[in-house]
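Understanding the architecture of this molecule
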Amino acid sequence: MATAQHRNFSDSNPPHVTEVSFDSEHIILNHKIAYKYERIENHFVIKDKKGQNLIEEDIENIGYQKFKSTIHFLAQDITFSNPEIVGRNDLIFAFVNFNVFEKDGSINEERLKLFVDKFNQLEVE
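Read on for an overview of the structure. (Residues numbered from 1 in each chain as written. Predicted model: local features only at pLDDT ≥ 70, side-chain atom pairs only at ≥ 80, totals over all residues. Heavy atoms only, no water.)

Quick word on the pattern of salt bridges
The following threshold applies: For salt bridges, the criterion is a side-chain nitrogen of Lys or Arg within 4 Å of an Asp or Glu carboxyl oxygen.
Summed over all chains, the structure comprises 1 salt bridge. Measuring nitrogen to oxygen at the nearest pair gives 2.9 Å for the salt bridge that ties Lys47 to Glu38.

Considerations on the pairing of strand E6 (residues 53-63)
Applied cut-off: Strand pairing is assigned whenever DSSP identifies at least 2 bridges connecting the two strands. A run of H or I in DSSP becomes a helix once it reaches four residues, and a run of E becomes a strand once it reaches two; helices and strands are each numbered from the N terminus.
Pairing between strand E5 (residues 43-47) and E6: 5 bridges, direction antiparallel. Its bridge partner lying in E6, Phe44 is registered against Glu57. Here E5 folds back onto E6 in antiparallel fashion, the turn holding 5 residues, of which Gly51 has a positive phi close to 100°. When E6 meets strand E7 (residues 66-73), the two strands line up antiparallel, connected through 8 bridges. Bridge pairing in E7 places Gly63 opposite Lys66. Hairpin connection between E6 and E7: a loop of 2 residues separates the two successive antiparallel strands, and Gln65 in this loop has a positive phi of roughly 50°.

Quick word on the packing of aromatic side chains
The line we're drawing: Centres within 6.5 Å make a pair out of two Phe, Tyr or Trp rings, where for Trp the six-membered ring is used; the pair is then stacked when the planes are under 30 degrees apart, edge-to-face when over 60, and tilted otherwise. Any Lys NZ or Arg CZ that is within 6 Å of a ring centre and within 35 degrees of that ring's normal is treated as a charge sitting over the ring.
Applying the stated criterion across every chain, the model contains 11 aromatic pairs. Consider the rings of Phe95 and Phe101, whose centres lie 5.5 Å apart with planes at 70°: the pair is edge-to-face. Members of the aromatic cluster, connected to one another through ring pairs, are Tyr35, Phe73, Phe80, Phe95, Phe98, Phe101, Phe115 and Phe119. Taking the ring centre of Phe98 as reference, the NZ or CZ of Arg111 above it sits at 4.3 Å.

Notes on helix H1 (residues 88-97)
Put simply, the rule reads: Accessibility here uses a 1.4 Å probe with only protein chains present; expressed as a share of the type maximum, an area under 20% marks a residue as buried, one over 50% as exposed, and anything in between as partly exposed.
Judged by how many residues are buried, H1 sits mostly within the fold: 7 of 10 residues are covered. If you check which residues of H1 are buried, you get Arg88, Leu91, Ile92, Ala94, Phe95, Val96 and Asn97. Within two residues after H1, Asn99 carries a phi angle of roughly 60°, on the positive side.

Thoughts on the layout of surface pockets
Put simply, the rule is: A pocket, in this scheme, is an open set of points on a 1 Å grid over the protein atoms alone with protein on both sides within 12 Å along at least 5 of 7 lines, while a cavity is a set where a 1.4 Å probe fits but cannot get out; residues line either one if an atom lies within 4 Å of a point. Grid points are joined across faces, edges and corners, and a volume is the space filled by probe spheres set on the points. Residue classes follow a fixed rule: Ala, Val, Leu, Ile, Met, Phe, Trp, Tyr, Cys and Pro count as nonpolar, while Asp, Glu, Lys and Arg count as charged, and any other residue, Gly among them, counts as polar.
Approximately 180 Å³ is the volume found for the largest pocket. Residue lining of the largest pocket: Ile62, Lys66, Phe67, Lys68, Ser69, Ser81, Asn82, Pro83, Val86, Gln121, Leu122 and Glu123, and that is the complete set. Residue composition of the lining of the largest pocket, by class: 5 nonpolar, 4 polar and 3 charged.

Points about helix H2 (residues 109-119)
We count it as follows: The directions from the helix axis to the C-beta atoms are what the arc is built from. Contacts are assigned to residue pairs that have any heavy atoms within 4.5 Å of one another. In the analysis that follows, any N or O atom pair within 3.5 Å is treated as a polar contact, provided that within protein one partner can donate a hydrogen and the other can accept it, and provided that, for residues neighboring in sequence, both atoms belong to side chains.
Where H2 is concerned, the buried positions are Arg111, Leu112, Phe115, Val116 and Phe119. In a view along the axis of H2, the buried residues occupy a sector of 140°, so they form one face of it. Along H2, the residues that are exposed and aim more than 90 degrees away from the buried face are Glu110 and Asp117. Looking at the buried residues of H2, the elements they touch are E7, strand E8 (78-80) and H1. Near the N-terminus of H2, the side chain that reaches the backbone nitrogen of Glu110, with its oxygen 3.0 Å away, is that of Asn108.

Observations concerning the pairing of strand E4 (residues 32-40)
Walk down a regular strand and you will see the side chains alternate between the two sheet faces. Taken together, the 4 bridges between strand E3 (residues 26-29) and E4 define a ladder with antiparallel strand orientation. From the neighbouring strand, Leu29 faces E4, where its bridge partner is Lys32. The antiparallel hairpin formed by E3 and E4 contains 2 residues in its connecting segment, where Asn30 sits at a positive phi of about 50°. From the end of E4 to the start of E5, which pair antiparallel, there are 2 residues, and Glu41 there has a positive phi angle of about 50°.

And the structure:
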C-alpha cells in the first residue's frame with residue numbers, strides 16, 4: 001500500500017485520500033475498493049463499482065521511454081493530456097494530490113474542473 005503524498009496547491013483543505021493501492025482490477029482508496037480498472041494493451045478504463053465507464057485513456061509510445069496520453073473524462077465530456085500524467089497510477093496520484101476525490105472516493109466535479117483547467121496541456125490538432 002502506498003501512502004499518498006499530498007502537495008500544497010494553494011488549497012487549505014486536508015487531503016480526503018491518504019492511502020492508495022492498486023491491483024490488476026481495482027483502485028483502492030483509504031483501504032476500500034473505489035473503482036474497477038481494465039487495461040487492454042495501451043488503453044485503460046476506470047469504471048465505477050457498478051461497471052459504468054468513467055475515464056478512458058489511450059497511451060502512445062512517442063520515442064525511447066517517452067509516452068503521450070489522452071484521457072477522456074466521459075461524464076464531463078472533457079479530453080485531457082499532460083506529459084507528467086501518463087497511466088492509471090499517475091492520474092490517481094495527481095487526483096489525490098489535487099484533492100479531487102471526496103472522502104467516500106467519489107470524484108468532486110468542481111475540483112475535477114479546476115484540475116483540468118490548471119493541468120490540461122492538450123494540443124489541438
